[in-house]
Amino acid sequence: MNLEGKVAVVTGGSRGIGRAICIRLASMGAYVYINYVSRPAAAEVTQKFIHEAGGKAEIIGFDVAESSEVQAAFKKIIADAGSVDILVNNAGITRDGLMARMKESDWEEVMNTNLKGSFLCAKAASRVMMKKKWGRIVNISSVSGVAGNPGQVNYSAAKAGLIGLTKSMAREYASRNITVNSVAPGYIETEMTELLDEKAQEQIKSEIPLATFGRTEDVAGAVAYLVSDDGRYITGQTLNVNGGMYM
Ligand code: NAP
C-alpha cells in the first residue's frame, strides 16, 4: 500500500482519529498536511511523531467551515506541494443535547463544521484531482449518522448528510478516477469517550458485539485501505468500523 508521491490533506488531523490517520498515511509514504483550527500544539505533536518515524508532514491551520480560509489553504498547499491527491474530511465537533432544548446555534455549528466544511474542502480538492484524473476522498461519518442517536439530532443529521454527499460526489467524479467513500466509526477510544463515566462505558460496551471500544488506528486502517490501490474499485460506499454495533 504505497502512497509515495501523493499529497494528503487530513482535516482535524492534529489529534484523536485524525492524528492516527495522518500517522498511517505518512507511514505509507504520503506527504501529509495536518490541519487544526484552535490547538497548534497538538498538530506539532502529530508532526513530531511523523518526522521521528521518517515521514513527511506539514501543518496547516484553517477553519473548515470558513470558505475563504479553505480556499486560501488549498491554494497554498497546491502552490507549495503541487497537488492534493488524497483528502480526508475528518474535522468534526459535537454539541449534544435533546432536541427540545437544542439551540439553533448548536445545530448550525455542527452542520457547518461536519457537513459544510467537508463540502468546501472536497470542492477545493476535487478541482486539482480532476485535472490529474486521480483522487481519493474519504469522509468520516459516524454510527450516529447511520443508526441515529438520541441527544445528537444535529450530529446525526450532519453525519448522515455526509453519506449523501459521498454517494453523489462518487457518481459525479467517477469518470475522473476520483473515488469518494465514507468511514463510519462507532465508539473509538478518544478524549470524547474518556469523558464517559465507567457505568456509561460499560452500558455502551454491552451493546457492541465485539464488546470493546475501537482504537483510532482501526479507523486509520480503514481509511488507508480506501485510499490505497487495494481500494481502487470501491466508491460511494460507507465502511462501518464499529465492532458490529450497527450492521
Ligand atoms: P477530536 O479528538 O475532538 O478532534 C477533532 C479534530 O477536529 C481536532 O483536530 C480539531 O482541531 C479539529 N476541528 C474541529 N473543528 C474544526 C474546524 N472548524 N476546522 C478545522 N478543524 C477542526 O475528534 P475525534 O474524536 O478524533 O473525531 C474525529 C472524527 O471522527 C470526527 O468527525 C468525529 O465526528 C468522528 N467520529 C468520532 C468518534 C469517536 O468515538 N471519537 C466516533 C464516530 C465518529 P483543534 O484541536 O485545533 O480544535
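Scroll up to find the structure this text is about.
These notes cover the structure that comes with them. (Residues numbered from 1 in each chain as written. Predicted model: local features only at pLDDT ≥ 70, side-chain atom pairs only at ≥ 80, totals over all residues. Heavy atoms only, no water.)

Moving on, we get to the pairing of strand E1 (residues 7–10). In E1, alternate side chains face the same way, and those of Val7 and Val9 on one face and Ala8 and Val10 on the other are all buried. Traced from E1 through helix H1 (residues 16–27) to strand E2 (residues 31–36), the parallel crossover comes out right-handed. Bridging between E1 and strand E4 (residues 86–89) involves three bridges; their strand directions are parallel. Among the inter-strand pairings, Val10 is bridged to a residue of E4, identified as Val88. (Buried < 20%, exposed > 50% of the residue type's maximum accessible area, 1.4 Å probe, protein only. Helix = DSSP H or I, 4+ residues; strand = E, 2+ residues; numbered from the N terminus. Right-handed = clockwise from strand over helix to strand, strands pointing away. Pairing = 2+ DSSP bridges.)

Let us look at the site of the ligand. In the neighbourhood of the ligand, 29 residues make up the surrounding shell, with Ser14, Arg15, Ser38, Asn90 and Tyr155 lying closest. One nitrogen or oxygen atom from the side chain of Asn35 is found 3.4 Å from a nitrogen atom belonging to the ligand. Contact between the ligand and Val64: a nitrogen atom at 3.0 Å from a main-chain N or O atom of the residue. Bound to the protein, the ligand loses 93% of the 900 Å² it would expose on its own. Counting residues per element, the ones that place at least two in the shell around the ligand are H1, E2 and helix H6 (153–173). (Near = heavy atom within 4 Å. Polar contact = N/O pair within 3.5 Å; in protein donor to acceptor, adjacent residues only side chain to side chain. Areas by Shrake-Rupley, 256 points an atom, 1.4 Å probe, with all protein chains shown as cover.)

Looking at where Gly148 falls in the secondary structure, it is placed in the loop between helix H5 (143–147) and H6. For Gly148, a relative accessible area of 40% corresponds to the partly exposed category. Distance from Gly148 to Ala160, taken between C-alpha atoms, is 8.7 Å for residues twelve residues apart in sequence. Beyond its immediate sequence surroundings of up to four residues, Gly148 is in contact with Val143 and Ser156. (Contact = heavy atoms within 4.5 Å.)

Unlike most non-glycine residues, Lys133 shows phi in positive territory, near 55 degrees. Structurally, the position occupied by Lys133 is in the loop between helix H4 (104–132) and strand E5 (135–140). Positioned with a positive phi, Ala211 is a non-glycine residue whose angle comes to about 55 degrees.

Quick look at a negative patch on the surface now. Together, Glu189, Glu194, Glu217 and Asp218 line one region of the surface with negative charge. Within the secondary structure layout, Glu194 lies in helix H7 (residues 191–194). A relative accessible area of 62% means that Glu194 is categorised as exposed. (Patch = residues over 30% accessible without salt bridge, like charges linked within 9 Å, V, L, I, M, F, W, Y side chains within 5 Å. Salt bridge = Lys/Arg side-chain N within 4 Å of Asp/Glu carboxyl O. Lys, Arg positive; Asp, Glu negative; His and termini not counted. Charge placed at Lys NZ, Arg CZ, Asp CG, Glu CD.)

One can describe the packing of helix H3 (residues 67–81) onto H4 by two numbers: an axis separation of 9 Å at closest approach and a directional angle of 30 degrees. It follows from the interaxial angle that H3 and H4 lie roughly parallel. Every pair of crossing elements has a handedness; the one defined by H3 and H4 is right-handed. Along its contact with H3, which presents Ser67, Val70, Phe74 and Ile78, the element H4 presents Leu120, Cys121, Ala124, Ala125 and Val128. Classifying every residue of the contact of H3 with H4 by side-chain character gives eight nonpolar, one polar and no charged. (Axes fitted to C-alpha atoms, helices over the stretch in contact; angles between N-to-C directions. Parallel < 35°, antiparallel > 145°, perpendicular 65-115°, else oblique. Left-handed = near helix turned anticlockwise from the far one by under 90°. Nonpolar A, V, L, I, M, F, W, Y, C, P; charged D, E, K, R; others polar.)

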